[in-house]
Amino acid sequence: MPFITSATAAKEHYDVIIVGSGAGGGQTAYTLTMDGAHVLMLEAGRKYDPATETPMFQTPDLAPLRGDGTTDKPFGFYDATVDGGWQVPGEPYVQTRTDDAGRFDWWRARMLGGRTNHWGRISLRNGPYDFKPYSRDGLGFDWPISYEDMAPYYDKVEMLVGVYGTSEGLENTPNSSPGCLLPPPKPKVSDLLVAARAAKLGIPVIPGHRAVLTQQLDWKTSPAKLHPGNPAAQKLIAEDMQRRAACFWATPCGRGCSIRANYQSTTVHLPPALATGKLDIVTDAMVHEVTIGKDGRATGVSFVDRTTGKQQHAAARVVVLAASACESVRILLNSKSPLFPNGLANSSGKVGKYIMDTVGSSLDGQVPLLESLPPHNEDAASGHQMYVPWWLYQHAGKLGFARGYHIEFGGGKGMPGLGTAAELEWLTGGSYGAKFKQDARRYYGSFVGFDGRGEMIPNEHSWCEIDPSVKDKWGIPVLRFHWQWSQHETRQAAHMQKTFADIIEAMGGRVRGRVETDGAKAIAPGGSIIHEVGGAIMGADAKTSVTNKWCQTWDVKNLFLTDGAPFASNADKNPTLTIMANAWRVADQILERMRQKEL
Amino acid sequence: MDRRTSIKWMLAAAASVPSLRNYAFGSEPLASTTTAGLPGASGYGTDPNLVNTYKAGELWPLTFSAKQRNTATVLSDLIIPADEMSPSASAVGVIDFIDEWISAPYKPNQKDRHIVLEGFDWLDRESAKRYSKAFAALDQAQQRAICDDICHAAKAKPKFANAAKFFARYRDLTAGGFYTTPDGRKDLQYVGNTPLKSFDGPPLEVLKKVGLA
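Everything numeric in this text was worked out from a predicted model, so none of it was measured.

K.L.:
Sorry if this is basic, but what is going on with the overall build of chain A here?
P.N.:
Looking only at helices and strands, chain A features 17 helices and 20 strands. In terms of overall dimensions, chain A is globule-like: its C-alpha atoms have a radius of gyration of 23 Å, near the 25 Å expected for 599 residues. Taking the principal axes of the C-alpha coordinates as reference, chain A spans close to 75 × 50 × 45 Å. A total of 599 residues make up chain A; the buried ones form 67% of that total. Look at the contacts in chain A between residues 6 or more apart in sequence, and 73% of them connect residues 24 or more apart. Put simply, chain A shows about 19,000 Å² of open surface, and 52% of that area lies on carbon and sulfur atoms. Separation of charge centres in chain A, based on 62 positive and 62 negative side chains, amounts to 2 Å.

K.L.:
Looking at this model, I keep getting lost on the sheet that holds strand β14 (residues 386–388) of chain A. Mind explaining?
P.N.:
Each strand in a sheet pairs with another by means of backbone hydrogen bonds, the pair being arranged parallel or else antiparallel. All names here are of chain A. Pairing within the open sheet is antiparallel, and its six strands lie in the order β8-β14-β15-β16-β13-β19. Both outer strands of the open sheet, β8 (206–207) and β19 (510–512), are each paired with one neighbouring strand and no more. When β8 meets β14, the two strands line up antiparallel, connected through two bridges. Along β14, the bridge assignment pairs Pro207 with Met386.

K.L.:
Sorry, what's going on with the environment of A:Asn459 here?
P.N.:
All names here are of chain A. Topologically, Asn459 is positioned in the loop between β16 (447–454) and β17 (463–471). Through-space distance from the C-alpha of Asn459 to that of Gln484 is 8.0 Å; in sequence the pair is 25 residues apart. Beyond its immediate chain neighbours, meaning those up to four positions away, Asn459 contacts Tyr354 and Gln484. A polar contact is formed between the side chain of Asn459 and the backbone nitrogen of His461, at a distance of 2.8 Å.

K.L.:
It is not clear to me how helix α2 (residues 23–34) of chain A should be interpreted in this structure. Could you clarify?
P.N.:
All names here are of chain A. In a regular helix each residue adds 1.5 Å, so twelve residues correspond to 16 Å; α2 covers 16 Å between its end C-alpha atoms and thus fits that length. Among the twelve residues of α2, twelve are classified as buried, and the element is accordingly described as predominantly covered. Three or more residues of α2 are buried, namely Ala23, Gly24, Gly25, Gly26, Gln27, Thr28, Ala29, Tyr30, Thr31, Leu32, Thr33 and Met34. Positive phi appears at Gly36, one or two residues downstream of α2, with a value of about 95 degrees.

K.L.:
Would you take a moment to explain the packing of helix α2 (residues 66–79) of chain B against helix α3 (residues 94–103) of chain B for this structure?
P.N.:
A packed helix pair is summarised by two numbers, namely the angle formed by the two axes and the spacing between the axes. Residues and elements named next belong to chain B. The contact between α2 and α3 brings their axes to 10 Å, and the two run at 120 degrees. Classified by the interaxial angle, the pair formed by α2 and α3 is oblique. Our pair here, α2 against α3, has a crossing hand that is right-handed. Taken together, the residues of α3 that come into contact with α2 (itself represented by Arg69, Ala72, Thr73 and Ser76) are Val94, Ile95, Asp96, Ile98 and Asp99.

K.L.:
Just to check I follow, could you spell out helix α5 (residues 140–150) of chain B for this structure?
P.N.:
Residue and element names in this part refer to chain B. Turning to α5, its buried residues number three or more, namely Gln142, Gln143, Ile146, Cys147 and Ile150. Down the axis of α5, the sector holding all buried residues measures 135 degrees, keeping them to one side. For α5, exposure combined with an orientation more than 90 degrees from the buried face picks out Gln140 and Ala141. For α5, the elements touching its buried residues are α2, α4 (107–131) and α6 (161–179). One side-chain oxygen of the residue at the start of α5 lies 3.1 Å from the amide nitrogen of Ala141, identifying that residue as Asp139.

K.L.:
Hey, could you run me through the interface of chain A and chain B in this one?
P.N.:
Where the parts come together, the accessible area they lose is often given as the size of the interface. Listed as interface residues are 82 residues of chain A and, on the opposing side, 88 residues of chain B. Taken together, the two surfaces of chain A and chain B that pack against each other cover about 7,200 Å², and 62% of this comes from carbon and sulfur. Looking only at chain A, the three residues that lose the most surface to chain B are A:Leu65, A:Tyr432 and A:Lys437, adding up to 11% of its buried area. On inspection of chain A and its partner chain B, the count reaches six salt bridges. In this structure, B:Arg171 and A:Glu425 form a salt bridge, with 2.3 Å as the shortest nitrogen-oxygen distance.

K.L.:
Explain the packing of aromatic side chains to me, please; I cannot follow it from the model alone.
P.N.:
The way to describe two aromatic rings as a pair is by their centre distance and the angle between their planes. With the rule as written, the count across this model stands at 38 aromatic pairs over all chains. Ring centres of A:Tyr30 and A:Trp584 lie 5.8 Å apart, and the angle between their planes is 65 degrees; this geometry places the pair in the edge-to-face category. Taken together, the positions of A:Tyr30 in helix α2 and A:Trp584 in helix α17 (residues 576–595) put the pair 554 residues apart, joining distant regions of the chain. The pair formed by A:Tyr30 and A:Trp584 is uniform in burial state, with each residue classed as buried. Taking the centre distance of 5.6 Å and the plane angle of 75 degrees together, the rings of A:Tyr432 and B:Phe167 count as edge-to-face. In this pair, A:Tyr432 sits in the loop between α13 (425–428) and α14 (434–443) while B:Phe167 sits in helix α6, so the two residues belong to two different chains.

K.L.:
When you look at the side chain of B:Thr71 in this model, what are you seeing that I'm missing?
P.N.:
Residue and element names in this part refer to chain B. Mapped onto the elements of the fold, Thr71 is located in helix α2. Among the residues examined, Thr71 registers a relative accessible area of 4% and is labelled buried. Contacts of Thr71, omitting those with residues within four sequence positions, involve Phe120, Leu123 and Phe135.

K.L.:
How should the pattern of salt bridges be read in this particular structure?
P.N.:
Any two side chains of opposite charge can pair, given that their charged atoms come close. All names here are of chain A. Counted by the stated rule, this structure contains 42 salt bridges over all chains. For Glu158, the salt bridge goes to Arg125, with nearest N and O atoms at 2.7 Å. Residue Glu158 is located in helix α6 (residues 147–162), and its partner Arg125 is located in the loop between β5 (108–109) and α4 (128–131); the two are separated by 33 residues in the primary sequence. Residues Glu158 and Arg125 agree in their burial class; the two are buried. Put simply, Glu327 and Arg330 hold a salt bridge, and the shortest N to O gap is 3.1 Å. In this pair, Glu327 and Arg330 both sit in helix α12 (residues 325–334), three residues apart, roughly one turn of the helix. Residue class for Glu327 comes out buried when judged on its relative accessible area of 5%. Residue class for Arg330 comes out buried when judged on its relative accessible area of 3%. One network of salt bridges, in which partners are shared, links Glu91, Arg110, Asp284, Arg306, Glu327, Arg330 and Asp472.

K.L.:
When you look at the pairing of strand β11 (residues 298–305) of chain A in this model, what are you seeing that I'm missing?
P.N.:
Within a regular strand, side chains alternate between the sheet's two faces. Residue and element names in this part refer to chain A. With seven of eight residues buried, β11 is to be regarded as a mostly interior element. As paired elements, strand β10 (residues 285–292) and β11 share seven bridges and run antiparallel to each other. When the sheet's bridge partners are listed, Glu289 is paired in β11 with Ser302. Counting the residues between successive antiparallel strands, the hairpin from β10 to β11 contains five residues, one of them, Gly296, with a positive phi of roughly 80 degrees. Pairing between β11 and strand β12 (residues 310–321): six bridges, direction antiparallel. Paired with Val304 across the two strands is Gln311, which belongs to β12. Hairpin connection, β11 to β12: the antiparallel pair is bridged by four residues, and Gly309 has positive phi, about 80 degrees.

K.L.:
Looking at this structure, I do not really get the sheet that holds strand β18 (residues 477–482) of chain A. What am I missing?
P.N.:
Read across the sheet, three strands follow the order β4-β18-β17 (chain A) without closing on themselves; strand pairing throughout is mixed. The open sheet has two free edges, formed respectively by β4 (94–95) and β17 of chain A, since each of these has just one partner strand.

K.L.:
Where do I start with the nonpolar core in this structure?
P.N.:
A general tendency of soluble globular proteins is for nonpolar side chains to be buried together. A:Phe450 and A:Ile590 are the most contacted members of the largest nonpolar core, which has 168 residues in total. Among the elements that line this core, the one with the most residues is α17(A), at ten residues. Within the second largest apolar cluster, 60 residues are counted, among which are B:Leu50, B:Ala89, B:Leu117 and B:Ile150.

Definitions and limits used
Along each chain, the written sequence defines residue order, and numbers are assigned to residues from 1. Going through the entries in the order they are written, you letter the chains from A and number the ligands from 1. Since the coordinates come from a predicted model, pLDDT governs what is reported: local features require at least 70, and pairs of side-chain atoms require 80 or more to be given and counted, while whole-chain, interface and lining totals use all residues. Note: side-chain values were computed over all heavy atoms of the structure, leaving out hydrogens and water. Helix and strand assignments follow DSSP, with helices taken as H or I runs no shorter than four residues and strands as E runs no shorter than two, numbered in order from the N terminus. Our radius of gyration looks at C-alpha atoms and nothing else; its globule reference is 2.2 Å times the residue count to the power 0.38. Burial classification: accessible surface area is computed with a 1.4 Å probe over protein chains only, and a residue below 20% of its type maximum counts as buried, one above 50% as exposed, and the rest as partly exposed. Residues are treated as being in contact if the distance between any of their heavy atoms lies within 4.5 Å. The accessible surface values rely on the Shrake-Rupley method and a 1.4 Å probe; as for residues, cover is taken only from the protein chains in view. Counting rule for charge: Lys and Arg are taken as positive, Asp and Glu as negative, and neither His nor the chain ends is counted. For this purpose, a charge sits on NZ of Lys, CZ of Arg, CG of Asp or CD of Glu. Strand pairing is defined by DSSP finding a minimum of two bridges between the two strands. Two N or O atoms form a polar contact when they lie within 3.5 Å of each other; inside protein one atom must be a possible hydrogen donor and the other a possible acceptor, and for residues adjacent in sequence the pair counts only when both atoms belong to side chains. Here the expected length of a helix is defined as 1.5 Å per residue gap, with one fewer gap than residues. Comment: axis = line fitted to C-alpha atoms, over the contacting stretch for helices; angle = value between 0 and 180 degrees taken between N-to-C directions. By the definition adopted for this analysis, an angle is roughly parallel if under 35 degrees, roughly antiparallel if over 145, roughly perpendicular if from 65 to 115, and oblique otherwise. Crossing handedness: left-handed means the near helix sits turned counterclockwise from the far one by under a right angle, and right-handed means the same turn made clockwise. The arc in question is the one traced by the directions running from the helix axis out to the C-beta atoms. Here the quantity called buried area is the total loss of accessible area, with a 1.4 Å probe, experienced by two parts when brought into contact, counted for both. Here, a salt bridge means any side-chain nitrogen of Lys or Arg that lies within 4 Å of a carboxyl oxygen of Asp or Glu. The aromatic pairing rule takes the rings of Phe, Tyr and Trp, using the six-membered ring of Trp, and pairs them if the centres are within 6.5 Å, calling planes under 30 degrees apart stacked, those over 60 edge-to-face and the rest tilted. Put simply, a nonpolar core is a bunch of buried Ala, Val, Leu, Ile, Met, Phe, Trp, Tyr and Cys residues held in one set by side-chain atoms that sit within 4.5 Å of each other.

In structure tokens form, the structure reads like this:
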């Protein structure tokens, strides 16, 4: 009976309650239950089953509007996200600015597994510099931990979820321990052309790292490394690893994967956690408050059962928030009591401060060399076979902006979509008729797109608070966002544009549209890259941070955060792998303290 | 589980039809950011059944009158006529798609609705002015004479600027509708969306052609 009702959960007393079921919540639940803790997971969205709900081979002509994105399904009809997007009906939020340069758009995914169901699966480790950015350039904050603290957990997560890639020994781009990574997929012709021509500009192109099984996981040797001294857990995960199929090189990962060949919490973390018999899950449970006892410790959480509209309460020794950075912040700020009048764990006044996203900017090029190539299958690994890690660490301080970015790129003859033969007029001179059909064949697959993903430095002007009047449909007060980029981000975006144009030119290609040299216009609006982190940062000082290095709140000893909220910086590396590694690290600490009877 | 079994599973998943969840379209409140441009029309909501197959007109009422449908057919087939590789746009359901597109209650679709319907009216006005007939009733040389004036926005005369914007958008919709059909995919020689035992990368002849082998 792992999926239970809210009424049943209310009668139990758990070791740990986890709010949220995505990368952070999923990993926390996995680690805790594999070691025997009795865990309740509360998910605001509905139950979701990738095995039966994933549209694996459906083609655009079977979908409404040829599968194109709408406000109901922003990443297209077949995107795995249900009940999610930058706007969720009945769940508003407030923006103090709505212009492109000054707004923060908040993505949510109200479903079991959260945004892990649709994410890009790009799984990059933070490097040693990324944990100590303040020490390097005096900006932002250091993490109270180092790369060495996280490295063993990166190894474990890579072995558990399955990440392809290589160890290249490049600066601040860490190697994995032997046996952690799966072999990378073969590159596509467009990947190889980018690599060859970027190399001439001194820009390195190396195999990408993505959470996709290019072969079956090493179920014979990994389990002992994942769970030393725990034969029951080893047996369980060895069995589950054998149930996951390797990638069959078709169907976009963003739809989710019914054969479990990529990572999503619902296919990788939750099945073995449920198999322990130690995990209960209540879906449609909208948590809005952490409740507090007279001793100042968390007693559990209050939530709205969305199926009945009724208030419920669940109790536990430990509460872990992993609801997504801003949602966890919202819960803390809404948890007001006589002991904590400014919201829970907020004696520093830092809850809601230092919200970060990733710097994003894009440019496409058309490459004559790639025109009219003989037909061949280019579905590959569904993206990111190769990428460009940040390559200018030695130029730090000389570029007009601190920190760096990596480049994701892609081309090739993918499944034709609504845009495949659109907006070709600049190439065709306005052809229609027989000539247009020839042009469509010629240009199909000849475009390469570049996306920069760069570090944002936390600042005092990017934060959120509870709006004094607006409430969601359950009467829960909502967040109000403030947002501002600094020149470190906007100049970086302009640098991305120039770099992309240089690479396109080096490929003999032509830029589509224009190269935006004004960084404020080149940068994507806050929140649009969906790498929301910060808001309850970890630190070494209770006066300037919300949690200690164990992501344990300074003010409430049995309250922990395992999503992106405790991130003290947001390196260019996509945050999900670090969220998982950190969650495992924190969960190990929770287990240790429960054994010591401190919790 | 071996690969064969996993592929069986996958095929079952791909074929799975109307689903476990009885989701009634339109039973959800309209998303706050969608615009109900048509009476009674709503979007498919944030939790549609993804493994269903959908047909134009199923989710929201369609728009085209018989006359508009006729104009659409003529224009789409001028843009994508039949040739030795594939049928014409109208022969593979593109008109149904365009009707579905301009009838959808989402903001970008509502914008296209104005562009397309006003564009059809303009075509008829221009045809009447030049040839005293509706656009669909002209012979192909006459139709092409009008299209030639509006097919390239950058070079169109100022008086045709709006008509050229319409033509560009209509060509994009026609092409998008066409190349997303099985015939359109075949025309482009797309060969993916099929499970493979291994992904081997580009063949040698491809690498040679771009100078990488």
